[in-house]
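So the chains spell out like this:
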Amino acid sequence: WDMLLFCPQSFERRTMATAPSTVPAPPEGPPPASAVLFMYTVLGAALSFGLGRTPGTLPEDLFAELALPALAVCYFAAAYSVYDVMAVGAIKIEKKAFDKSEEDCEEVRLAVRTQMNQVEQMGSFYVATLLFSLFVNGRVGGLLAFVWVLLRRCYANRYRASAGKSFMAKNLSTYTVPAYFILNALAVGTIVHVIRGLIASTVSFV
């Protein structure tokens with residue numbers, strides 16, 4: 001107490017030196033690629049063995065099996081055009097930024113980056129969803145595809161609205177990580193199921 005009364009500056013410095021830091025730690029790097037691939041393989045195998053139809057067979061009712069995946073894929077395509085592509089033009093008009101560099105306006109840069117990120121995921125999503133639904137299980141593929149679409153829409157909305165925030169404060173991984181797991185589970189599940197079908201056909205042939 002004597003130190004607090006007669007030398008408050010010294011007490012403040014010592015308190016700050018011993019107090020725990022409130023600055024967030026820098027983000028750790030992603031896990032090793034082999035660990036991520038192992039997790040995708042486990043999920044894909046679980047879908048194939050747990051929810052897949054008989055390996056090497058195609059749907060008896062192709063329309064019923066592919067209806068839900070088709071809705072998810074086409075909804076994402078339409079939503080991308082309306083909410084991602086048009087958003088770039090809208091923000092450029094609002095900020096009068098058609099003749100400016102993207103780096104001169106953060107809102108424009110975020111809108112463009114959001115659109116490009118959706119493009120980067122689009123091809124893999126289409127291929128994995130449709131092939132999984134054709135070879136493994138269309139109803140499961142369609143449900144997972146709709147969850148993926150919801151996650152990507154939430155991601156896009158948050159990213160575009162994150163001007164002025166640090167990368168960590170954007171908290172985009174809330175949506176991107178589950179979306180990656182769904183997408184790659186569909187892809188690896190297709191791989192596992194097709195391999196099982198090839199093995200079964202080879203064994204039956206022999």
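Note that the structure is predicted; figures quoted are calculated from it, not measured.

Calculation rules
- Residues numbered from 1 in each chain as written.
- Predicted model: local features only at pLDDT ≥ 70, side-chain atom pairs only at ≥ 80, totals over all residues.
- Heavy atoms only, no water.
- Helix = DSSP H or I, 4+ residues; strand = E, 2+ residues; numbered from the N terminus.
- Buried < 20%, exposed > 50% of the residue type's maximum accessible area, 1.4 Å probe, protein only.
- Contact = heavy atoms within 4.5 Å.
- Phe/Tyr/Trp six-rings, centres within 6.5 Å; stacked < 30°, edge-to-face > 60°.
- Core = buried A, V, L, I, M, F, W, Y, C linked by side-chain atoms within 4.5 Å.
- Expected span 1.5 Å × (residues − 1).
- Arc of directions from axis to C-beta.
- Patch = residues over 30% accessible without salt bridge, like charges linked within 9 Å, V, L, I, M, F, W, Y side chains within 5 Å.
- Areas by Shrake-Rupley, 256 points an atom, 1.4 Å probe, with all protein chains shown as cover.
- Salt bridge = Lys/Arg side-chain N within 4 Å of Asp/Glu carboxyl O.

Colleague: Which residues make up the overall build of the protein chain, and what values go with them?
Modeller: Along its length, the protein chain carries 8 helices and 0 strands. The 206 residues of the protein chain split such that 33% are buried. For the protein chain, contacts bridging at least 24 residues in sequence account for 79% of all contacts bridging at least 6.

Colleague: How would you summarise the packing of aromatic side chains if you had to cite specific residues and measurements?
Modeller: Two measures describe an aromatic ring pair: the distance that separates the ring centres and the angle between the ring planes. The tally for this structure, following the rule as stated, stands at 6 aromatic pairs. A centroid spacing of 5.6 Å and a plane angle of 65 degrees characterise the contact between F76 and F125, whose relative ring orientation is edge-to-face. Of this pair, F76 sits in helix α4 (residues 62-95) while F125 is found in helix α5 (residues 106-135), placing the two residues 49 residues apart along the sequence. Comparing F76 with F125 shows no difference in burial state: the two are buried. Residues F76 and W148 carry aromatic rings whose centres are separated by 5.1 Å and whose planes lie at 65 degrees to one another, so their mutual orientation is edge-to-face. Taken together, the positions of F76 in helix α4 and W148 in helix α6 (residues 138-160) put the pair 72 residues apart, joining distant regions of the chain. In this structure F76 comes out as buried when scored by relative accessible area, which is 0%. Take W148: its relative accessible area is 1%, and that puts it in the buried class.

Colleague: Describe the nonpolar core, listing the residues and the values that go with them.
Modeller: Counting 26 residues, the largest nonpolar core has F76, F125, F132, W148 and Y155 as its most contacted members. When contributions to this core are tallied by element, the ones reaching two or more residues are α4, α5, α6 and α8 (173-205). Per element, the largest residue contribution to this core is 8 residues, and it comes from α6. Contacts of F125, omitting those with residues within four sequence positions, involve A72, V73, F76, A145, W148, V149 and L183. The next biggest cluster of nonpolar side chains, apart from the first, holds 6 residues, and it includes C105, V108, A111 and V112.

Colleague: Break down the side chain of S133 for me, with residues and values.
Modeller: Mapped onto the elements, S133 comes out in helix α5. With relative accessibility at 0%, the residue S133 sits in the buried group. Sequence-distant contacts of S133, that is, excluding residues within four places in its chain, are made with R53, P59, E65, L66, P69, G138, G141 and G142.

Colleague: Can you break down helix α3 (residues 33-51) residue by residue, with the values?
Modeller: Turn by turn, an α-helix covers 3.6 residues, leaving residues three or four places apart pointing in a common direction. Its 19 residues give α3 an end-to-end C-alpha distance of 26 Å, which sits within 8% of 27 Å, the value for a rise of 1.5 Å per residue. Of all the residues in α3, the buried ones are V36, Y40, G44, L47 and S48. All buried residues of α3 lie within an arc of 100 degrees about the axis, which places them on one face of the element. Summarising the geometry of α3, the exposed residues directed more than 90 degrees from the buried face are S34, F38, F49 and G50.

Colleague: Summarise a nonpolar patch on the surface; cite the residues concerned and give the values.
Modeller: On the surface, a cluster of nonpolar side chains totalling about 500 Å² of accessible area is made up of L58, V127, L131, F135, V194 and L198. Among the secondary structure elements, those contributing two or more residues to the nonpolar patch are α5 and α8. Considering every element that reaches the nonpolar patch, the biggest residue donor is α5, with 3 residues. Along the chain, L131 turns up in helix α5.

Colleague: Summarise the pattern of salt bridges; cite the residues concerned and give the values.
Modeller: Oppositely charged side chains are able to pair whenever their charged atoms sit close together. Per the stated rule, a full pass over the model turns up 6 salt bridges. A salt bridge links E65 to R53, with the shortest nitrogen-to-oxygen separation between them at 2.6 Å. Linking E65 in helix α4 with R53 in the loop between α3 and α4, this pair joins segments that are 12 residues apart in sequence. Residue classification places E65 among the buried residues on the basis of a relative accessible area of 9%. Note on R53: relative accessible area 17%, which makes it buried. Here R139 ties to E65 by a salt bridge, and the two come within 3.0 Å at their closest N and O atoms. Taken as a pair, R139 in helix α6 and E65 in helix α4 lie far apart in primary sequence, 74 residues in all.

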